[in-house]
Amino acid sequence: MSDWRSHDISARHRVASSDTPGLDLVLRHRGEDGPPVLFVHGATFSGRLFDIPHPGLNWLQVAADAGFSAYAIDIRGYGLSKPDTFPEGRPYATGDEAIADIGDAVDWIAARHGGAQVALVGWSWGTLTTSRYVAGVGAGKISALALYAPIYAEVNEDWIAVMADPSDPSRHRDFGPYRRVDLADTRARWDAQLPQGADWRDETVLQAMVAASIADDGGASDHFRVPNGTFLDLWECFNARPIHDPGAVTCPTLLIRGAQDPTSTRHDTLALFDRLGAADRSYVEIAGGTHFLNAEARAPALFDAVNAFLRRTHGK
């Protein structure tokens, strides 16, 4: 495996949390000039998803090369935004807490760029937190919203099985503050989405994603810690109970997904598309990609589509 550390060159900024004294949120950054774009991760990987230390698949660098100032946040508890200790007795980093973190990052970035509006790119659970932010306190601060692998409200039996209480499947289990994820977990989840014989993933990319995530978490073991607050949102959504009103999202919006994605389905995404309040909205589906499309062979098609959308809606 190539040395991923030689590609781990993004700048990092610390932003103080406005609601949790002593907590610093880390922003990964590439590209000083150009309109600012903030990438918001999902339930498992931190901002590392957009900052993979691998040539050609670092989305922050691709965005910077396209003329944007590209940032990726590590929501509290993820990646480099770790508290001194995880609070006990409840899932950490809930949707409301993530929205507060997004707000802090947007305000910091906007101030750094002379009061400019910010564009948002959310992935998976991050499509829920960014949408809720844009529909609420972030209205007026965001020029455009790209939702990659969006989730809305559709029964997903596979995810329900992961989250349900074995003794009462109508309820979710006791999640605890965080869980542990390792290379085997990530490989199994990704492999389950790949068609038989599909050569969509480079092994060095998988290794770099996991090794860098472990290093971000201190590197003292073979796993990295991931907060469980996301499950409170996903339990509702995957039981077809919406947690936000898409009609309140009125800025230009792009929905984009890989055709092989079992988490962000075509039916659910189009239901979201029909309910959005944005007059300027579009849907793009890319063949030959899973939920991890941005780390696969068809990633350039994703990058090109999002860059084109941002140039049109968020250019200078």
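Structure: see above.
Now for a quick tour of the structure. Just so you know, these numbers come straight off a predicted model, no measurement behind them.

1. Considerations on the sheet that holds strand 11 (residues 253-258)
Logical step 1: What the eight strands build is an open sheet, ordered 1-2-4-3-5-6-11-12; its pairing is mixed. With one partner strand each, in any of the chains shown, strand 1 (11-16) and strand 12 (281-286) form the two edges of the open sheet. Direction aside, the axes of adjacent strands within the sheet are offset by 20 degrees on average.
Logical step 2: Two elements, strand 5 (residues 118-123) and strand 6 (residues 142-148), share six bridges in a ladder whose sense is parallel.

2. Thoughts on the pattern of salt bridges
Logical step 1: According to the stated counting rule, one finds 23 salt bridges in the structure shown.
Logical step 2: Notably, a salt bridge pairs R76 with D101, separated by 2.7 Å at the nearest N-O pair. Highlighted residues: R76 in the loop between strand 4 (69-74) and helix 2 (95-112) and D101 in helix 2, separated in sequence by 25 residues.
Logical step 3: On the basis of relative accessibility, which here comes to 2%, the residue R76 falls in the buried class.
Logical step 4: Looking at D101, the relative accessible area reads 0%, which means it is buried.
Logical step 5: Residues R132 and D233 are paired through a salt bridge, measuring 3.8 Å at the closest nitrogen-oxygen approach. Of the two residues, R132 sits in helix 3 (residues 125-135) while D233 sits in helix 7 (residues 230-237), which places them 101 residues apart along the sequence.
Logical step 6: One salt-bridge network, held together by shared partners, links D8, R12, R28, R30, R48, D51, D74 and D216.

3. Looking at the packing of helix 2 against helix 3
Logical step 1: Interaxial distance between helix 2 and helix 3 falls to 9 Å at its minimum, and their mutual angle equals 65 degrees. Taken together, helix 2 and helix 3 sit at an angle that is classed as roughly perpendicular. The two elements helix 2 and helix 3 cross, and the hand of that crossing is right-handed. Taken together, the residues of helix 3 that come into contact with helix 2 (itself represented by G95, D96, A98, I99, I102, G103 and V106) are W125, T129, T130, R132 and Y133.
Logical step 2: Of the residues assigned to the contact of helix 2 with helix 3, the class counts are six nonpolar, four polar and two charged.

4. Section: the packing of aromatic side chains
Logical step 1: Taken as a whole and assessed by the stated rule, the structure comprises 15 aromatic pairs.
Logical step 2: Between F50 and W59, the ring centres sit 5.8 Å apart and the planes meet at 55 degrees, which makes this aromatic pair tilted. Of the two residues examined, F50 and W59, each falls in the buried class.
Logical step 3: Arranged with centres 6.4 Å apart and planes meeting at 35 degrees, the rings of Y78 and W125 form a pair that is tilted. On the criterion of sequence distance, the pair formed by Y78 in the loop between strand 4 and helix 2 and W125 in helix 3 is long-range, its members being 47 residues apart.

Basis of the calculations
- All residue numbers refer to position in the chain's written sequence, counted from 1.
- At least 70 in pLDDT is required for a residue's local features to be given in this predicted model, at least 80 for side-chain atom pairs to be given and counted, and no such filter applies to totals for whole chains, interfaces and linings, which use all residues.
- Values reported for side chains reflect all heavy atoms of the structure, with hydrogen atoms and water molecules removed beforehand.
- Only strands joined by at least two bridges in the DSSP assignment are considered to pair.
- Helix numbering and strand numbering both begin at the N terminus, where a helix is a DSSP run of H or I of at least 4 residues and a strand a DSSP run of E of at least 2.
- Note on definitions: angles span 0 to 180 degrees between N-to-C directions of axes, and those axes are lines fitted to C-alpha atoms, for helices only across the stretch in contact.
- Salt bridges are identified by distance alone: a Lys or Arg side-chain nitrogen within 4 Å of an Asp or Glu carboxyl oxygen.
- Relative accessible area decides the class of each residue, using a 1.4 Å probe on protein chains only: under 20% of the type maximum gives buried, over 50% gives exposed, and in between gives partly exposed.
- For classification purposes, an angle smaller than 35 degrees is called roughly parallel, one larger than 145 roughly antiparallel, one from 65 to 115 roughly perpendicular, and anything else oblique.
- What makes a crossing left-handed is the near helix being turned counterclockwise from the far one by less than a right angle; a clockwise turn instead makes it right-handed.
- Every residue pair with non-hydrogen atoms within 4.5 Å of one another is taken to be in contact.
- When residue character is reported, Ala, Val, Leu, Ile, Met, Phe, Trp, Tyr, Cys and Pro are called nonpolar, Asp, Glu, Lys and Arg charged, and the others, Gly included, polar.
- A pair of aromatic rings is counted whenever rings of Phe, Tyr or Trp (Trp by its six-membered ring) have centres within 6.5 Å, and the orientation is called stacked for planes under 30 degrees apart, edge-to-face for over 60 and tilted otherwise.

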